[in-house]
Amino acid sequence: MDSSTIYVREKGSLRRVSDIVLAQPKPVSSSCRRTNPFVLRKEHFIFTYNEEGSLRYTCKSLFDITLLFVADNIQHVDSLVGFPEQIGDRLFAAVEENRTFLNPDVSSKALQLFSDAYGDLMLSSLCLRNRFPLFHEKINEIKTFHGLKRLDMFGCRLGDDHEIFQHLTSGLMTSLEQLFIGANNISDMGLQRLTAPVRMMKKGLDCLSALDVSNNPITERAFRYLMCLPKLEKLDVSGTGMKLGPGLKRCIRDYLGLIHSEKPLNDFDHSKCKTEGWAEQVINQWETSGTQMPKLKKLEESRTSALRFFGRQKFVRDILNAAPVVFDKEDDANKETLHFYKPSGNNLIQETQQTSSSACNEVRPYSSKRPQTDSCDSEAPPAKRSSAITAEDMDLLNSYS
């Protein structure tokens, strides 16, 4: 029997292929006189000791041997769709044990394979809070997790023009419910860019219900870009420079139908953020392997990786040399909490009446002409505003192609 001949079943028929290179078996001890290419491997046996202390062994099941073979050659698997979850879980554990996900040449394809078949079982929640090096060095692998329901990128230095924005609205992240992008130096333009595909093509972020944009330099103008999120129910704009008052309450109520929460919402409690799913240990392996590299080698690889991602040397150099985002605990404790949520009908009516009453009690100097400002007070209600696509939005859309 020719060990190099491989048969593949495709569309109900067998065909022979010869361009697939399988993983080489581990070297056998020189004392072994076997010449059969299918020599038994040590991994195929389970070694134990009996009560007398004698070594004994039993052969693994054919399923376990086959599983090990597939794990060694995971890069040649076309699809796992339709395989039971129990098999997928055991196969993923075998691939992880081989440390395959630490190999940059294979990891993305392997993760994509499992993500397409098992979705949120791979990862339902991913916490990258203040883990900037890990996020930017493993962004290709992170983008393969399509079943995420909760994604925390707080303090990852995204800026206004990051490639992850296009991924979030590409239609792949259809199950994303909670997104945390606070402390990323995102301005109104960044939120405009993030929501451009949603506003113009009505795709992406369909299930997003909670959004954290705290500690970013945004203004009330950014609320108009969030109107396209159909299921947005909770919003955190703390630390943005906005001040709680009748104007802000009226603005966010008119645009998004949200009211201020007197108590902090549990959804924005980052102490509960954690990574959950089969790939939890893979994320830890990435971070551990990154901290174990020599400092100079790590810096060089980080720069090379960032250059490949962004393609702009000056921009990447400035980002890598920038000081990490640090928040003073005292300032954080004294910071005004601006959490908003979508209330029931009665609560919304009551909040509207209170806001209108507060606005009427404000003392304003008389003026025959209303001042033209960018605040919500000078804009028409959302129902009367035109939803026409601007030239700036078209430029953003064209930049995605």
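Structure: see above.
In what follows, the accompanying structure is described.

The rules behind these values
Residue positions within a chain follow its written sequence, with the count starting from 1. A pLDDT threshold of at least 70 governs which residues receive local features in this predicted model, and a stricter bar of 80 or more applies before side-chain atom pairs are shown or counted, although totals over entire chains, interfaces and linings include all residues. The side-chain values count all of the structure's non-hydrogen atoms but skip hydrogen atoms and water molecules. By definition, a salt bridge exists where a carboxyl oxygen of Asp or Glu is found within 4 Å of a side-chain nitrogen of Lys or Arg. Segments assigned H or I by DSSP are reported as helices when at least four residues long, segments assigned E as strands when at least two residues long, and all are numbered from the N terminus. Partly exposed residues are those whose accessible area sits between 20% and 50% of the maximum for their type, while under 20% is buried and over 50% is exposed, using a 1.4 Å probe and protein chains only. Cavities and pockets were defined on a 1 Å grid built over protein atoms only: a cavity is a set of grid points that admits a 1.4 Å probe from which the probe cannot escape, a pocket is an open set flanked by protein on both sides within 12 Å along at least five of seven lines, and lining residues are those with an atom within 4 Å of any such point. Grid points are joined across faces, edges and corners, and a volume is the space filled by probe spheres set on the points. Amino acid classes used here: Ala, Val, Leu, Ile, Met, Phe, Trp, Tyr, Cys and Pro are nonpolar; Asp, Glu, Lys and Arg are charged; the rest, including Gly, are polar. A pair of strands counts as paired when DSSP detects no fewer than two bridges linking them. Contact criterion: two residues are considered in contact whenever any of their non-hydrogen atoms come within 4.5 Å of each other. Any pair of N or O atoms that falls within 3.5 Å is considered a polar contact. Within protein, one atom must be able to donate a hydrogen and the other to accept it, and sequence-neighbouring residues count only if both atoms are side-chain atoms. Axes here mean lines fitted to C-alpha atoms, for a helix over just the part in contact, with angles spanning 0 to 180 degrees between N-to-C directions. Note on angle classes: values under 35 degrees are labelled roughly parallel, values over 145 roughly antiparallel, values of 65 to 115 roughly perpendicular, and the remainder oblique. Each helix crossing is assigned a hand: it is left-handed if the near helix lies turned anticlockwise from the far helix by less than a right angle, otherwise right-handed if that turn is clockwise. For this analysis, a nonpolar core means a set of buried residues of the types Ala, Val, Leu, Ile, Met, Phe, Trp, Tyr and Cys, connected via side-chain atoms within 4.5 Å.

Going through the model one piece at a time under the given rule, you end up with eight salt bridges. Between arginine 90 and aspartate 64 there is a salt bridge, and its shortest N-O distance comes to 2.7 Å. Placement of arginine 90 in helix H2 (residues 85-97) and of aspartate 64 in helix H1 (residues 62-72) is noted, with a sequence separation of 26 residues between them. Given a relative accessible area of 27%, aspartate 64 falls into the partly exposed group.

Quick look at empty space enclosed by the protein now. Applying the stated criterion to the full structure yields three cavities of 30 Å³ or more. Space inside the second largest cavity adds up to approximately 40 Å³. Around the second largest cavity, the lining residues are Phe135, Ile142, Lys143, Phe145, Leu148, Leu151, Met153, Ile164, His167, Leu168 and Met173. In terms of residue count, the dominant contributor to the lining of the second largest cavity is helix H6 (residues 163-168) (three residues). Its residues assigned to classes, the lining of the second largest cavity shows nine nonpolar, one polar and one charged.

With that settled, consider the sheet that holds strand S9 (residues 234-236). The mixed open sheet is built from seven strands, whose spatial order is S5-S6-S7-S8-S9-S11-S10. In this open sheet, the two edge strands, each paired with only one partner strand, are strand S5 (125-127) and strand S10 (259-260).

On to the environment of histidine 260, then. Here histidine 260 shows up in strand S10. Histidine 260 sits in the buried class, given a relative accessible area of 11%. Along the chain, histidine 260 and lysine 249 lie 11 residues apart, while their C-alpha atoms are 6.9 Å from each other. Non-local contacts of histidine 260, meaning those with residues more than four positions away in its chain, are made with Leu244, Lys249, Thr337, Leu338, His339, Phe340 and Tyr341. Polar contacts involving the side chain of histidine 260 include one to the main-chain carbonyl oxygen of threonine 337, which spans 3.4 Å.

Look at H2 against helix H3 (residues 107-118): their axes get within 11 Å of each other, and the N-to-C directions meet at 165 degrees. What the angle tells us is that H2 and H3 run roughly antiparallel. In the crossing of H2 with H3, the sense of the turn from one axis to the other is left-handed. In this structure, H2 uses Glu85, Gly88, Leu91, Phe92 and Val95 to contact H3, whose residues at the interface are Leu111, Phe114 and Tyr118. A breakdown of the residues in the contact of H2 with H3 according to their chemical character gives six nonpolar, one polar and one charged.

The next thing to look at is the nonpolar core. Ranked by internal contacts, the top residues of the largest apolar core, which has 68 residues, are Phe114, Phe145, Met153, Ile181, Leu211, Phe223 and Leu235. Those residues within four positions of isoleucine 181 in sequence are excluded, and the remaining contacts are Met153, Leu158, Ile186, Leu191, Leu194, Leu211, Asp212, Val213 and Asn216.

Turning to helix H8 (residues 246-256), a few remarks are in order. Across the 11 residues that make up H8, a large majority, eight, are buried. Of all the residues in H8, the buried ones are Gly247, Leu248, Arg250, Cys251, Ile252, Arg253, Tyr255 and Leu256. One or two positions beyond H8, positive phi appears at glycine 257, with a value near 70 degrees.

So, to be careful, I would describe these as geometric facts and stop short of saying anything about function.
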